[in-house]
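A look at the structure
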Amino acid sequence: MDSSSDLGSGSPADAGGAGVRQDSAFSEGESVPSDLVVRDDAADFPALRDAAKSRRGSGSPLKVIDAGKLPAPELEWLGRAGAAIYSSDAAGRTARELVLVSDAAKKGGASVSYFHHGPFAEGEGGTLLPFTDLLELGRSGLHLYVSNAKIPRDSAALDTLAYACEKGGSKFGYYHDGTLEPGLEDLARRGAWIHVHVRSVASDADAVFLADCARAGRPSGAGVVLHVDVPIDAARIADLMAAGVHFLFLTPPCDYRSPVRPLEEKARRRPLDPRAYFLYPDFML
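Below is a summary of the structure that appears in this document. (Residues numbered from 1 in each chain as written. Predicted model: local features only at pLDDT ≥ 70, side-chain atom pairs only at ≥ 80, totals over all residues. Heavy atoms only, no water.)

Across all of its chains, the model carries 14 salt bridges by this definition. Taking the shortest distance from any N to any O, the salt bridge between Arg93 and Asp66 comes out at 2.8 Å. Taken together, the positions of Arg93 in the loop between strand S4 (84-88) and helix H3 (95-107) and Asp66 in the loop between strand S3 (63-65) and helix H2 (72-80) put the pair 27 residues apart, joining distant regions of the chain. Given the relative accessible area of 0%, Asp66 is considered buried. A salt bridge links Arg199 to Asp177, with the nearest nitrogen and oxygen atoms 3.0 Å apart. With a gap of 22 residues between them, Arg199 in the loop between strand S8 (192-197) and helix H7 (204-217) and Asp177 in the loop between strand S7 (172-176) and helix H6 (183-189) connect regions that are remote in the sequence. Judged by its relative accessible area of 55%, Arg199 falls in the exposed class. By relative accessible area, Asp177 is classed as partly exposed at 33%. Each of the salt bridges in this network shares a partner with another, and the network as a whole consists of Asp159, Glu166 and Arg190. (Salt bridge = Lys/Arg side-chain N within 4 Å of Asp/Glu carboxyl O. Helix = DSSP H or I, 4+ residues; strand = E, 2+ residues; numbered from the N terminus. Buried < 20%, exposed > 50% of the residue type's maximum accessible area, 1.4 Å probe, protein only.)

Most of strand S6 (residues 143-147) sits out of view: five of its five residues are buried. Covered by surrounding structure in S6 are His143, Tyr145 and Ser147 together with Leu144 and Val146, the residues of both alternating faces. When strand S5 (residues 112-116) meets S6, the two strands line up parallel, connected through four bridges. Note that in S6 the partner of Tyr114 across the bridge is Leu144. Sheet topology note: the S6/S7 ladder contains four bridges and is parallel. Within the sheet, the bridge partner assigned to Val146 lies in S7 and is Tyr174. Regarding topology, helix H5 (residues 155-168) serves as the crossover connection from S6 to the parallel S7, and that connection is right-handed. (Pairing = 2+ DSSP bridges. Right-handed = clockwise from strand over helix to strand, strands pointing away.)

This brings us to the packing of aromatic side chains. For the structure on display, the rule yields eight aromatic pairs. On the numbers, 6.2 Å between centres and 80 degrees between planes, the contact of Phe45 with Trp77 is edge-to-face. One end of the pair, Phe45, is in helix H1 (residues 45-55); the other, Trp77, is in helix H2, with 32 residues separating them in the sequence. Residue Phe45 is classed as buried on the basis of its relative accessible area, which comes to 18%. The exposure class of Trp77 is partly exposed, given its relative accessible area of 34%. With centroids separated by 5.2 Å and ring planes inclined at 55 degrees, the aromatic side chains of Phe120 and Phe131 adopt a geometry described as tilted. One end of the pair, Phe120, is in the loop between S5 and helix H4 (131-139); the other, Phe131, is in helix H4, with 11 residues separating them in the sequence. (Phe/Tyr/Trp six-rings, centres within 6.5 Å; stacked < 30°, edge-to-face > 60°.)

These figures capture arrangement, not role.
If you want it as structure tokens, here you go:
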């Protein structure tokens, strides 16, 4: 287990940016735009309720970021109405509340995604959610996401979380920062979606290992997502794509004469499971 107490990752909305409406509130009767992710502290409950009901079954549910404003029963109501709920430890919910919200969302054909910023706490941790509660969330069908960008993560604990999600029929997403580690292949085999920045693939050996991770995740319907914001060799891209790595190009499109251009277009045509990431696909969290 890790033991750091740094909780300074901010709210779930920090992963969003332009798509999150924070500067004004929706009032009752005002429509919520279909392409907008809405924080629960930037909209009145009646407006959220009506938007969730109007989009239920549309294939594009209302996405509500749980900032901890709404009482848990109202969050349950939104889930039952078909809203996809995005929560985190920053919202201060108990595991029991989250499980009830998840159960309600399942009835509405939606789901709850939970990002854990803090450490994997042992036992009762005051404001911290104990690791056993995280396991319960996974077994109860919540999609779980964690990162090692601010807090080191123990590979055995990550594997245990992925296993809990596997048993609960949900997805586990892991954002890995830094040097590639041997445990990533086992994590992919367990069914985890693993996000990696291109800077972590510094050598041919790294590329071979990442390809192995992608192949390991295939049987469980999971895989590897590579975030690319600097130029990368076309041959390496092609090899990784052939192994099943999903590319997210954050660079401007290459010149049409570049051998990378058709690979960029191929990557953009390849859909990414929306459960593979927390809220927005392009952010390394």
